[in-house]
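Structural description and commentary
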Amino acid sequence: MKMMTNVKLGTTTPPDSTLSIVNNCNSIKVSPNYLQNSDEISLSENLSNISFNSGPHTPLKESSKSNSNTLKVPNIEEFKSNLPEIKKSLELKPDFTKCPGLKFLSVQRERLACRKGGNFSIMLAGARGTGKTTLLNSLFSSELLKLDQENVQDDNISVNRFELKEEKLTLNLQVIETVNFGNTLDNSKAWESICKYIDDQFLKYLQQSQQPHRKNLYDTRIHCCLYFLNPSKCCLSELDIQTMKNLSTRVNLIPVVSKSDILTPEELKNFKSTVKNIFHEYDIKICQYFSDLSLVKFIDSLIPFSIIGSIDKYENDQGEYVRGRKYHWGLVEIENINHCDFSLLRNLLISENMLEFILSTEIYYENFRSYYLTGKVESVLEGGNRQDILKLRGFEQLKAYTNVETLENNTSSLEKNWELTLFEIYEKKKQELDEKWDKKYAEKEEEVKLKKQKLFKLQEDLRFDLQETNIKRKKLIDIVELISLQPSESRNISESSVLVNSEVASSQSCESIQKES
Ligand SMILES: Nc1nc2c(ncn2[C@@H]2O[C@H](COP(=O)(O)OP(=O)(O)O)[C@@H](O)[C@H]2O)c(=O)[nH]1
Ligand SMILES: [Mg+2]
């Protein structure tokens, strides 16, 4: 089911603005808690708009939340008639008699931007349970993702896409979250999968832009990566340093200390200074391609941002309903800059500098593109040739690159032909060998068969001899018995004659056996 929910952003957005969220993968449930300050909730399902009015704006006591949020559906005609009349502003129309109207360029640009909408991709990198999903939900004050919901793609990366609407502007938000980062026994290469994912998005864009039709480029390049540092360790691991170093060369990196409410102010201060020192020591650059240098300095002074995430609202000492985390010792307000840097981060990312992130990504992309294409040239050309081509500029370089591509194609077709020939040779040799072995096998089999037959025959003869010998033996025993019954003199003569006969018989049988074998 495709569901669209209009949610008023409360404290961060202008009073009359609304934010609609369409999630193509999952339907979003917005808890009534988040809507306490909303004057209006409108739900549209299957493109038919139904509007609900929750009555006048009154802060709700916690105990009465569920009862007071029952929604009443008014008559639609009555509702339409009560809508304020939209007056077209005459002020916006340029008076060309007085000036060329250049000042209206920004208005035109705004209209164009609204029509086109925008894409923003944010990556949340860090170990499981560091509060990535909670921070995302807090940034947009809505339960965009459930805490246990993971739309995992390959390499343990979860990707979710949302369509956010605020007034006339549509923002296509892509959220990439690492799922099992650093959870294996050997984490030395864990950073590679994240960096590969970023490079893959650049490559996808590059390949699309090389196609003849580039009207509908699908841009999944990542504009910002929030790296979540584990607050319980209060120090950086080798993996953290390696990952951030590699990320900083590919994307606008912002390190954050999540769940900073579990640290004392002293611990947080020390952790921040440790991180700053490490960034300095390893020369890890933050948002290095921002055009506004004062902004870079500002971010540098704040990193790592201390973050507390929550979408629940509680009443504070002043009687206001604020987002925060409630403990037995008190309330932590996530939007209070004395408690954490959440508001500063949200302003930086969404409200004030989203365009800086998007524009600077073009430079990261350009670096990737140049590195990738240069690598391609290098892999084809050798030594001296390569140097010459890389020194060329403009059209000459394009021409040379085209030649390289042709060369590459030729090389690959040559390789293909060569592969085919090799395969044919291999197949032929294989067939020859098979035939040779079959012949040999048949010969050997015949030999063995003959030998077997001979052995059977020999066995048969031996058996026959044995039978003969047994018969002779029996006869001899009978003779011996007969002799033993005769008087002693005649017995001596007949015994000796029997012995002579038996010796002759046994020697004859031995000879016959030897002959046979
Ligand atoms: N104390 C505290 N807990 C938090 C904070 N943010 C998230 N959590 C809790 O940490 C747990 C993991 O959060 P989750 O957003 O799912 O982390 P993920 O795995 O990095 O996406 C959940 O129980 C959250 O309620 C925070 O700022 N402070
Ligand atoms: Mg998560």
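Residues numbered from 1 in each chain as written. Chains lettered and ligands numbered in written order. Predicted model: local features only at pLDDT ≥ 70, side-chain atom pairs only at ≥ 80, totals over all residues. Heavy atoms only, no water.

This part takes up a positive patch on the surface. A surface patch of positive charge is lined by Lys428, Lys429, Lys436 and Lys440. Here Lys440 lies in helix α12 (residues 394-485). The exposure class of Lys440 is partly exposed, given its relative accessible area of 49%. (Patch = residues over 30% accessible without salt bridge, like charges linked within 9 Å, V, L, I, M, F, W, Y side chains within 5 Å. Areas by Shrake-Rupley, 256 points an atom, 1.4 Å probe, with all protein chains shown as cover. Salt bridge = Lys/Arg side-chain N within 4 Å of Asp/Glu carboxyl O. Lys, Arg positive; Asp, Glu negative; His and termini not counted. Charge placed at Lys NZ, Arg CZ, Asp CG, Glu CD. Helix = DSSP H or I, 4+ residues; strand = E, 2+ residues; numbered from the N terminus. Buried < 20%, exposed > 50% of the residue type's maximum accessible area, 1.4 Å probe, protein only.)

Bringing the coordination of the magnesium ion (ligand 2) into the picture now. Only Thr133 (OG1) and Glu177 (OE) from the protein reach the magnesium ion (ligand 2) as donors, at distances of 2.1 Å. Taken together, the positions of Thr133 in helix α4 (residues 132-139) and Glu177 in strand β8 (residues 169-178) put the pair 44 residues apart, joining distant regions of the chain. Each member of the pair, Thr133 as well as Glu177, carries the same accessibility label: buried. (Donors = N, O, S within 2.8 Å, 3.2 Å for Na, K, Ca; no water.)

On to the pattern of salt bridges, then. Throughout the structure, instances matching the rule amount to 14 salt bridges. Between Asp219 and Arg221 there is a salt bridge; the shortest N-O distance is 2.8 Å. Accessibility assignment for this pair places Asp219 and Arg221 in one class, buried. The salt bridge involving Arg221 is made with Glu362; its shortest N-O contact spans 2.9 Å.

Take the nonpolar core next. As a rule of thumb, soluble globular proteins bury nonpolar side chains together. In this structure, Leu226, Ile254 and Phe305 are the most contacted members of the largest nonpolar core, which totals 78 residues. Looking at this core element by element, the count peaks at ten residues for helix α5 (residues 190-209). Setting aside residues no more than four positions away along its own chain, Ile254 makes contact with Cys224, Cys225, Leu226, Tyr227, Cys287, Phe305, Leu345, Leu348 and Phe357. (Core = buried A, V, L, I, M, F, W, Y, C linked by side-chain atoms within 4.5 Å. Contact = heavy atoms within 4.5 Å.)

For the pair α4 and helix α9 (residues 342-352), the least separation of the axes is 11 Å and the interaxial angle reads 70°. Looking at the two axes, α4 sits roughly perpendicular to α9. Note that α4 runs across α9; the crossing there is right-handed. In this structure, α4 uses Leu135, Ser138 and Leu139 to contact α9, whose residues at the interface are Phe342, Leu345, Arg346, Leu349 and Ile350. (Axes fitted to C-alpha atoms, helices over the stretch in contact; angles between N-to-C directions. Parallel < 35°, antiparallel > 145°, perpendicular 65-115°, else oblique. Left-handed = near helix turned anticlockwise from the far one by under 90°.)

A few words on helix α7 (residues 265-281). The end-to-end C-alpha distance of α7 is 24 Å, a good match for the 24 Å that 17 residues give at a rise of 1.5 Å each. The set of residues buried in α7 consists of Leu268, Phe271, Lys272, Val275, Ile278 and Phe279. Here the buried residues of α7 occupy an arc of 130° about the axis, which is enough to place them on one side. Across from the buried face of α7, at angles greater than 90 degrees, the exposed residues are Glu266, Lys269, Asn277, His280 and Glu281. Taken together, the buried residues of α7 touch β9 (224-229), α6 (238-248), β10 (253-257), α8 (293-302) and β11 (305-306). Trailing α7 by a residue or two, Asp283 shows a phi angle of about 55°, which is positive. (Expected span 1.5 Å × (residues − 1). Arc of directions from axis to C-beta.)

Enumeration over the complete set of coordinates arrives at nine aromatic pairs. Taking 5.2 Å as the distance between ring centres and 85° as the angle between the ring planes, the aromatic pair formed by Tyr205 and Tyr365 counts as edge-to-face. With Tyr205 in helix α5 and Tyr365 in helix α10 (residues 354-380), the pair connects residues that are 160 residues apart, well separated along the chain. Of the two residues, Tyr205 and Tyr365, both sit in the buried class. Chaining the aromatic ring pairs together yields one cluster made of Phe202, Tyr205, Tyr365, Phe368 and Tyr372. Above the face of the Tyr365 ring, Arg221 is positioned so that its terminal group lies 4.8 Å from the ring centre. (Phe/Tyr/Trp six-rings, centres within 6.5 Å; stacked < 30°, edge-to-face > 60°. Lys NZ or Arg CZ within 6 Å of the ring centre and 35° of its normal.)

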